[in-house]
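Residues per chain, in single letters:
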Amino acid sequence: MGKGGRAETSSQTRRQPVVGRPSKRLNDEGVWVSPYKPLDSKAPQLPSKGEIKAVIPKECFERSAVHSMYFVFRDSVMAAALAYGTSLILSTDVPSDLLSVEAAKWFLGWNFYAFWQGTIFTGHWVLAHECGHGAFSSSQTFNDVMGFIMHQALLVPYFAWQYTHAKHHRRTNNLVDGESHVPSTGTENGLGPNNERQSFYAVLHEAMGDGAFAVWQIFTHLVLGWPLYLLGLASTGRLANDGSFLEDGEFIDHFRPGSKMFPSKIRGKILLSTVTVLATLGALFKLSLDYGFLTVFLWYGAPYMWTNAWLVLYTWLQHNDPSVPQYGADEWTWVKGALSTIDRPYGIFDFFHHKIGSTHVAHHLFHEMPFYRADEATAAIKAYLEPKGLYNYDPTPWWKAMWRVAKTCHYVEGIEGIQYQQSLEDIPRSSELKEKTT
């Protein structure tokens, strides 16, 4: 029986699910593997959302504007303190001797500031994300005001992102109607019908080699990924807001009110977000003219890039692993998608980022839950799901997990049924194929 075929029974024709090959990377020694295997005959029955919610203490869903604003204040004080301390120590003027000890201190000092200020700004980003979900307070108007201010200051079109991120939650790990970090297929990445390398990433991988291509993956995700996503050039879904497939070459961005990403009823909000982003860029340009482009880059641009890197890293790692299934529309359900999320340890960065990565399973199940209750909720969810083999927690340090995902999660074989991420490292090189044919 071929892929996607049907098996005859004595009483009826029963559809067999389309199944992609399990990744060869699952056999790598010492790696984490998701306990849930949907095709296993002993796979547990998935609980409903209501059954999972029933095990979580009710107080975990109580939202407090005062409590949330405390974290806005805390993160803002940290950002101001770091900026003030840096202003006392560092100058924005480039040292005259670039090979001097003074130049080394200047370079290291500004990189230290950029990394930690970007890390702190990510806390603001997460708090605005809470606003978008309605978890910041019981007033959605207050949520939207605070979320709009914090996100627009970080050049995020708040209302556009709010809409697409809600879809990301509604369609997690849906290969057809998902949003954000939707895996591309082998064909889209340049593989032919027999896995021959024809173009694009498949050819680039062979030219660069395994390690260099993994570095390229990390660079494109963390440095270019966020702006490309907002512009509709990477990682968006396959469907327009009306459910129709996008045509070849058609893109859906976060800035045009008429983008097929959005229904017409929210075009006014999309326009407001776009105009405000442009106004923020205009203000930054004016400051650059007044104080110098390097000055604005050092104080704002470099931390901004680190913030973008963090937010892409979280989304990338919480939804990708060669052992975690991706689902076509025929196999996907909301619970399957939500339970495909992965919790990971982030050490000290949990403090700065409000544990968005280490309590992500709870967040995807109940996005309206405030983050400061997520630890308690995660403990309850883990106690309920882990014995069933339904809780994904990868203890691998995040930087090692990033490297592994960059090397192993490159494409899926199709967008139907149950698929697993595949690695271009497992595709024969063109030279190897030529040797076999000669």
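No experiment lies behind these values; they were computed from the predicted model shown.

Undergrad: How do you make sense of the pattern of salt bridges when you look at a structure like this?
TA: Pairing is possible between side chains of opposite charge, provided their charged atoms come close. Considering all chains together, one arrives at 13 salt bridges under this definition. As a salt-bridge pair, Arg 171 and Asp 177 come within 3.0 Å of each other at their nearest N and O atoms. Residue Arg 171 is classed as partly exposed on the basis of its relative accessible area, which comes to 28%. Judged by its relative accessible area of 16%, Asp 177 falls in the buried class. Across the salt bridge formed by Asp 394 and Arg 344, the nearest N and O atoms sit 2.6 Å from each other. Taken together, the residues Asp 394 in the loop between helix H13 (374-385) and helix H14 (398-408) and Arg 344 in the loop between helix H10 (334-338) and helix H11 (349-352) connect sequence positions 50 residues apart.

Undergrad: Would you mind going over the packing of aromatic side chains with me for this structure?
TA: Any two aromatic rings considered together are summarised by their centre-to-centre distance and by the angle between their planes. Inspection of every chain in the model, using the stated rule, returns 35 aromatic pairs. Residues Phe 115 and Trp 306 carry aromatic rings whose centres are separated by 4.9 Å and whose planes lie at 85 degrees to one another, so their mutual orientation is edge-to-face. Taken as a pair, Phe 115 in helix H3 (residues 101-133) and Trp 306 in helix H9 (residues 293-318) lie far apart in primary sequence, 191 residues in all. By relative accessible area, which is 37% here, Trp 306 ends up partly exposed. Judged by centre distance (4.6 Å) and plane angle (45 degrees), the rings of Trp 310 and Phe 349 are tilted. Placement of Trp 310 in helix H9 and of Phe 349 in helix H11 is noted, with a sequence separation of 39 residues between them. Taking relative accessible area as the criterion, Phe 349 reaches 10% and is therefore assigned buried. Residue placement shows Arg 74 over the ring face of Phe 351; its charged tip is 4.1 Å from the ring centre. A cation sits over an aromatic face here: Lys 382 above Tyr 393, 5.8 Å from the ring centre.

Undergrad: Just checking my understanding: could you explain the packing of H3 against helix H4 (residues 140-153) for this structure?
TA: Working note: a packed helix pair is described by the angle between its axes plus the distance between those axes. Orientation of H3 relative to H4, taken along the N-to-C sense of each, is 150 degrees, at an axis distance of 8 Å. Here H4 runs roughly antiparallel to H3, going by the angle between their axes. As H3 packs across H4, the resulting crossing turns out to be left-handed. Between H3 and H4, the residues in contact are His 124, Trp 125, Leu 127, Ala 128, His 129, Cys 131 and Gly 132 and Gln 140, Asn 143, Asp 144, Met 146, Gly 147, Met 150 and His 151, respectively. Of the residues belonging to the contact of H3 with H4, the class tally is 6 nonpolar, 7 polar and 1 charged.

The rules we used
Starting from 1, residues in each chain are numbered consecutively following that chain's sequence as written. Residues qualify for local features only when their pLDDT is at least 70, as the model is predicted, and side-chain atom pairs are given and counted only at 80 or more; totals for whole chains, interfaces and linings, by contrast, use all residues. Working from all heavy atoms in the structure, the side-chain values ignore hydrogens and water. We define a salt bridge as a contact between a side-chain nitrogen of Lys or Arg and a carboxyl oxygen of Asp or Glu at a distance within 4 Å. Residue burial is assigned from relative accessible area. The probe radius is 1.4 Å, only protein chains are included, and a residue is buried under 20% of its type maximum, exposed over 50%, and partly exposed in between. By the criteria applied, helices consist of DSSP H or I runs no shorter than four residues and strands consist of E runs no shorter than two, each listed in order from the N terminus. Within 6.5 Å between ring centres, the rings of Phe, Tyr and Trp (the latter by its six-membered ring) count as paired, and their orientation is classed by plane angle as stacked under 30 degrees, edge-to-face over 60, tilted in between. By definition here, charges over rings are those cases where NZ of Lys or CZ of Arg is within 6 Å of the ring centre and within 35 degrees of the ring normal. Interaxial angles span 0 to 180 degrees and are taken between N-to-C directions of axes, which are lines fitted to C-alpha atoms, for helices over the stretch in contact. Angular relationships are summarised with four words: roughly parallel below 35 degrees, roughly antiparallel beyond 145, roughly perpendicular across 65 to 115, and oblique for the angles in between. It is the rotation of the near helix from the far one that decides the hand of a crossing: anticlockwise by less than a right angle makes it left-handed, clockwise makes it right-handed. Here a residue-residue contact requires only that any non-hydrogen atoms of the pair lie within 4.5 Å. By the convention adopted, Pro, Cys, Tyr, Trp, Phe, Met, Ile, Leu, Val and Ala count as nonpolar, Lys, Arg, Asp and Glu as charged, and the other residues, Gly among them, as polar.

Limitation: the analysis is restricted to geometry and does not speak to function.
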